[in-house]
Amino acid sequence: MGQPIDGRAVAQKVNAETSLQVERLKVNGVVPGLAVIMVGDDPASFSYVLAKEKKAQELGFKSFIYRMPPTTTQQELLELVRSCNENAEIHGILVQSPLPVALNEHELVMAIVPEKDVDGFHPINVGLCALGAPHALRPCTPAGIVRLLQECKVSTRGKRVVIIGRSRIVGLPLAHLLLQRGEFGDATLTVCHSRTPDLGSETRRAEILISAVGQAHLVKADMVRPGAVVIDVGVNRVEDATKPRGYRIVGDIDYDAVLPVASFVTPVPGGVGPMTIAMLMANTVQACRTQTGL
Ligand code: NDP
């Protein structure tokens, strides 16, 4: 029987480390500042932004939340990003996705100065991360997954690792991290996506399987190698009349069926999700230290 990986507990540990660093910065008269820009009224984005705001405040950051109406123009957003770039109280900037379709997210990310790009999405940071630069701002979800593996003492060195998904926010940068040299790199890596013809034949070979697709219960028990470590990034709503909202959140992995087959599995919620926010806060402190030289 496998063990659940408690992402909330690991996130708490990361947050405690961040909090210590915030205290040290404050002794030097510096308070880390995080700016979050959200456009429109997407309910999921709204709750993600709220969670980021809450955590930033809890950790003693200065939080700058810009909730912009859906009619905001690209030009207005570019000006907002530029003013955040120039604001010395702001050390980290992120644009919450998704944006209304009329807006160009790539252009906005490009407008963030790379040293304040705490999501790690700017091409400069993507490149530094791919090259293994030690002080690169790493994308939060992949960095959180590596930290979970470290905490569970699951080395990836030489292991057959299969990632399902190649997005620029999860699958691709995670592949970059797992190919770096080191105990939590050096993976023998396969990246699957929607054009992979026989997903099960790939996933069954994985000693470590990571799914970042966004399809409820895509990965069934018979797609998992016995004893594998399984990391579930997916966040999917499924109807559930017993819940007050009429739905519940599940991952990409058929958790109840996979847990007995695997050695470790991350639950959803409570696995990768809390780590993403914790790593965002850690990135903001890292960015603040780089910018202030403290
Ligand atoms: P994207 O939609 O950008 O990417 C999904 C990836 O899955 C694509 O590479 C796609 O392939 C691939 N894919 C789609 N269908 C299949 C299939 N049937 N078989 C194999 N591969 C498939 O999603 P994101 O990476 O942004 O997010 C993935 C999931 O993770 C979502 O549920 C999202 O909500 C969640 N998420 C969770 C976070 C957390 O903190 N817990 C953070 C970020 C995301 P192709 O490239 O060919 O289209």
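Per chain, the residues get numbers from 1 upward, laid out in the order the sequence is written. Where local features are concerned, this predicted model is filtered to residues with pLDDT of at least 70; where side-chain atom pairs are given and counted, the filter is 80 or more; whole-chain, interface and lining totals use all residues. Hydrogens and waters are ignored; side-chain quantities use all the structure's heavy atoms.

Asks: For this particular structure, what's the right way to read the site of the ligand?
Replies: Lining the immediate environment of the ligand, one finds 20 residues, of which R166, S167, S194, V235 and T276 sit closest. Separating an oxygen atom of the ligand from a side-chain N or O atom of S167 is a distance of 2.5 Å. V235 has a polar backbone atom sitting 3.0 Å from an oxygen atom of the ligand. Expressed as a share of its isolated accessible area of 930 Å², the protein-covered part of the ligand is 69%. Along the lines of polarity and charge, the residues of the shell around the ligand split into eight nonpolar, 11 polar and one charged. Whether a residue is near a molecule or strand depends on its heavy atoms: if one lies within 4 Å, it is near. Counting of polar contacts relies on pairs of N or O atoms within 3.5 Å, with two restrictions inside protein: one atom must be capable of donating a hydrogen and the other of accepting it, and residues adjacent in sequence are counted only when both atoms are side-chain atoms. Accessible surface is estimated by sampling points in the Shrake-Rupley manner with a 1.4 Å probe; for residues, cover comes only from the protein chains shown. Amino acid classes used here: Ala, Val, Leu, Ile, Met, Phe, Trp, Tyr, Cys and Pro are nonpolar; Asp, Glu, Lys and Arg are charged; the rest, including Gly, are polar.

Asks: Mind showing me how you'd approach the sheet that holds strand β1 (residues 3–4) here?
Replies: Pairing between the strands of a sheet comes from backbone hydrogen bonds, and it takes one of two forms, parallel or antiparallel. Taking strand neighbours across the sheet as the criterion, the six strands line up as β1-β11-β8-β7-β5-β6 in an open arrangement whose pairing is parallel. In this open sheet, the two edge strands, each paired with only one partner strand, are β1 and β6 (188–192). Pairing of β1 with strand β11 (residues 264–265) involves two bridges; the strand directions are parallel. Considered in β11, the bridge of Q3 is made with F264. For two strands to be treated as a pair, DSSP must find no fewer than two bridges joining them. The numbering of helices and of strands both runs from the N terminus, where a helix is a DSSP run of H or I of at least 4 residues and a strand a run of E of at least 2.

Asks: How should the layout of surface pockets be read in this particular structure?
Replies: Any space left empty among the atoms is revealed by the rolling of a water-sized probe across them. Cavity: a set of points on a 1 Å grid over the protein atoms alone where a 1.4 Å probe fits but cannot get out. Pocket: an open set with protein on both sides within 12 Å along at least five of seven lines, its lining residues, like those of a cavity, having an atom within 4 Å of a point. Grid points are joined across faces, edges and corners, and a volume is the space filled by probe spheres set on the points. Roughly 400 Å³ of volume is contained in the second largest pocket. Surrounding the second largest pocket, 19 residues form its lining, R138, M279, A282, N283 and Q286 being those nearest its centre. Of all elements in the fold, only α1 (7–27), α6 (140–151) and α10 (272–292) reach the threshold of two or more residues within the lining of the second largest pocket.

Asks: Help me out: how do you make sense of the domain arrangement of the protein in this one?
Replies: Interfaces are often sized by the amount of accessible area the parts lose when they come together. Start and end points for every domain follow an automatic or database-based domain assignment. Its domain assignment divides the protein into domain 1 (30–114) and domain 2 (140–273). Taking only C-alpha atoms into account, the centre of domain 1 sits 28 Å from that of domain 2.

Asks: I'm lost on the pattern of salt bridges in this one. Help?
Replies: It is possible for side chains of opposite charge to pair when their charged atoms get near one another. Any carboxyl oxygen of Asp or Glu that lies within 4 Å of a side-chain nitrogen of Lys or Arg is treated as forming a salt bridge with it. All chains considered together, the criterion is met by nine salt bridges. Note that R147 is salt-bridged to E17, the shortest N-O span being 2.8 Å. On the criterion of sequence distance, the pair formed by R147 in helix α6 and E17 in helix α1 is long-range, its members being 130 residues apart. Only protein chains enter the area calculation, which uses a 1.4 Å probe; residues under 20% of their type maximum are buried, those over 50% are exposed, and those in between are partly exposed. Overall, the relative accessible area of 34% leaves E17 in the partly exposed class. Taking the shortest distance from any N to any O, the salt bridge between E53 and R67 comes out at 3.1 Å. Of the two residues, E53 sits in helix α2 (residues 43–58) while R67 sits in strand β3 (residues 62–68), which places them 14 residues apart along the sequence.

Asks: Hey, could you run me through the environment of V126 in this one?
Replies: Relative to the elements of secondary structure, V126 occurs in helix α5 (residues 123–130). Residue class for V126 comes out partly exposed when judged on its relative accessible area of 31%. Along the primary structure V126 and D6 are separated by 120 residues, whereas in three dimensions their C-alpha atoms are 28 Å apart. By definition, residues are in contact when any of their heavy atoms lie within 4.5 Å. Leaving out residues up to four positions away in the same chain, V126 has contacts with G120, F121 and H176.

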